[in-house]
Amino acid sequence: MSSLLGIDNGLTVTKAVIFDVDGTQLSVARRRVPQSMPHPRWVERDMPGLWQATVEAIREAIALSGRPAGDIKAVAATAHGDGLYLLDSNRRPLGPGILSLDSRAGEIVDEWAKGAVFAEALALTGQVPHASAPSAILGWLKKHAPERFRQIGHIVGCKDWLRFCLTGTVGTDLTEASTSFTDVRTQAYAPEAMRIFGLEELFAALPRAAHSADIVGYATAEAAALTGLAEGTPVACGLHDVTASALGIGGHEEGVISIVAGTYSINEVVSAEPRTDQRWFCRNAIDRGRWNNMSISPASTANYDWFLDTLCRAEQDEAKTTGRSIHEMLATEIDTALKKPSTLLFHPYLFGSPYGNAASASFVGLRGWHDRGDMLKAVLEGIAFNHRSHVEALRDGFAVREVRLTGGGSRNPAFAQMFADVLNAPVTVTSTDEAAAYGAALCAGAAVGLFASPQEGARATCTVSREYRPDPARSAVFDERYSIYGRIAEQLRPKWAEIESLAGRAMEGTA
């Protein structure tokens, strides 16, 4: 028998998932990884703590699989992209990892937006910088933490840290390499990109980039003793979790928009040539000569999670003690709200937006007769509307024949149907559970010859679970609401900075 281990590290949870080579999920183990927010806009995590949580998850997944560790033919990791994980010249963690929800570098991005940096970066790298881009965070460190900046030996991504812990080798893959510093045409690192951001001295700290399905090391004796893996298990390079999720649902293909409704609003399509626009990132796909065009913002189901944590605590507690799904517990409230008209709209910008650093979330049209179900429906609708804004950008630039959906929301039929109605397009959900982990596992399988390529593995194993078709009447209603939603956001755009300034004035008043 043969199996594959995919490691998926998100923003709050690290998972180890073992799959049979036919795609059947054999086991999954999860560990929460605490976030630290020592200052407003800072979102960090302890790097050794992340590795320890991953160790525990791997060991448990092996035990739950019912198969010996030697049955695992290869391992690969995926994790949140962007953000920043640093090693010093001795390959030791240099401070905490900085997550992609971190927005401390917004001030740097705002400065760059006033000058030539945005235009130069788009022309060379295929994207404009954002607050959690490695370029922006490094710029912030250079300005505000110069001692830490001077000690940088290696710049890696989250999944690359896990790969280092497993193998002792430092490096990254093509998809992760393109988060800030590659030439969009050659797909290789460009010294000129470092110059644009004022980071020339760090060019040597960029990690060597390999293909996602290249073997980049083997489980060391130390890693094997900790995790329960067999020493010498091949480790593939892995990939950015955005790309892994699309791959895991068979959507890393030209003409397919893959939507990941997770912490971030992820919307992506592969192209055979680079095409740049401020509305999306043109980054490396898994293979050279292919590009992954991503229109994204940190404005998706993190808003739903916030709502549950803030306004559904009793249900959260009951779910923990009874094992019931909180989503099922709230289904009646959502269904009732969906069946009645409402003035309530929600802009899902709690943690970021397509409008920049200053934008904030808001309920608009809230009345005294609205209840929690109405508010929850508005949150879900706002999430779908934000995805639509990104999908429309990609439709402008690329020929699209299919839309595929993954992420936690895809398992909720009402939410998946809402996406079809809001987009006015059929939406496909596959049978794949843990799509990002499976994308990593497909790379591991290709690395040891179980698949001709990661994409071929996906084509052979991904099956459609359900297709949601839009209802014309509901789509018409959503069209009207989406139009109002967008116009309100545009009207708020010049006011967000004023609203943000209230926090500073309030603090001055209490000093």
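Please refer to the structure higher up on the page.
Now for a description of the structure that goes with this document.

Taken as a whole and assessed by the stated rule, the structure comprises 42 salt bridges. Here Glu 381 makes a salt bridge to Arg 481, at a shortest N to O gap of 2.6 Å. Here Glu 381 is found in helix 14 (residues 372-397), whereas its partner Arg 481 is found in helix 18 (residues 472-492), with 100 residues between them in sequence. Each member of the pair, Glu 381 as well as Arg 481, carries the same accessibility label: buried. Between Arg 388 and Glu 392 there is a salt bridge whose closest N-O contact spans 2.8 Å. In this pair, Arg 388 and Glu 392 are both assigned in helix 14, four residues apart and thus about one turn of the helix distant. Exposure remark for Arg 388: the relative accessible area of 12% places this residue in the buried category. It is possible to trace a salt-bridge network through shared partners that takes in Asp 8, Lys 15, Arg 30 and Glu 434.

This next bit is on the environment of Asp 277. Inspection of the secondary structure assignment puts Asp 277 in the loop between strand 15 (265-271) and strand 16 (281-284). Each C-alpha atom, one on Asp 277 and one on Val 128, is 8.9 Å from the other, the two residues being 149 residues apart in sequence. At a separation of 2.8 Å, a polar atom in the side chain of Asp 277 contacts the main-chain amide nitrogen of Arg 279.

Let's shift gears to the pairing of strand 16. Inspection of the sheet shows strand 16 paired to strand 17 (residues 291-297) by four bridges, in the antiparallel sense. Bridge pairing in strand 17 places Arg 283 opposite Asn 292. If you look at the hairpin formed by strand 16 and strand 17, you'll find six residues sitting between the two strands, and Gly 289 has a positive phi there, around 85 degrees.

What follows concerns the packing of aromatic side chains. The full count for this structure, using the stated rule, is 15 aromatic pairs. Residues Phe 19 and Tyr 438 carry aromatic rings whose centres are separated by 4.9 Å and whose planes lie at 55 degrees to one another, so their mutual orientation is tilted. On the criterion of sequence distance, the pair formed by Phe 19 in strand 2 (residues 13-20) and Tyr 438 in helix 16 (residues 435-447) is long-range, its members being 419 residues apart. A residue is classified by how much of its surface remains accessible, and Phe 19, at 1% relative accessible area, is buried. Residue Tyr 438 is classed as buried on the basis of its relative accessible area of 3%. Relative to Phe 363, the ring of Phe 346 lies with its centre 4.7 Å away and its plane at 40 degrees, an arrangement referred to as tilted. Placement of the pair is Phe 346 in strand 18 (residues 345-347) and Phe 363 in strand 19 (residues 362-364), with a sequence separation of 17 residues. For Phe 346, a relative accessible area of 3% puts it in the buried group.

A separate point is a nonpolar patch on the surface. A surface patch of nonpolar side chains, about 240 Å² in accessible area, is lined by Trp 306, Leu 350 and Phe 351. For Trp 306, the location among the structural elements is in helix 11 (residues 302-311). On the basis of relative accessibility, which here comes to 30%, the residue Trp 306 falls in the partly exposed class.

Criteria and cut-off values
- Residues numbered from 1 in each chain as written.
- Predicted model: local features only at pLDDT ≥ 70, side-chain atom pairs only at ≥ 80, totals over all residues.
- Heavy atoms only, no water.
- Salt bridge = Lys/Arg side-chain N within 4 Å of Asp/Glu carboxyl O.
- Helix = DSSP H or I, 4+ residues; strand = E, 2+ residues; numbered from the N terminus.
- Buried < 20%, exposed > 50% of the residue type's maximum accessible area, 1.4 Å probe, protein only.
- Polar contact = N/O pair within 3.5 Å; in protein donor to acceptor, adjacent residues only side chain to side chain.
- Pairing = 2+ DSSP bridges.
- Phe/Tyr/Trp six-rings, centres within 6.5 Å; stacked < 30°, edge-to-face > 60°.
- Patch = residues over 30% accessible without salt bridge, like charges linked within 9 Å, V, L, I, M, F, W, Y side chains within 5 Å.
- Areas by Shrake-Rupley, 256 points an atom, 1.4 Å probe, with all protein chains shown as cover.

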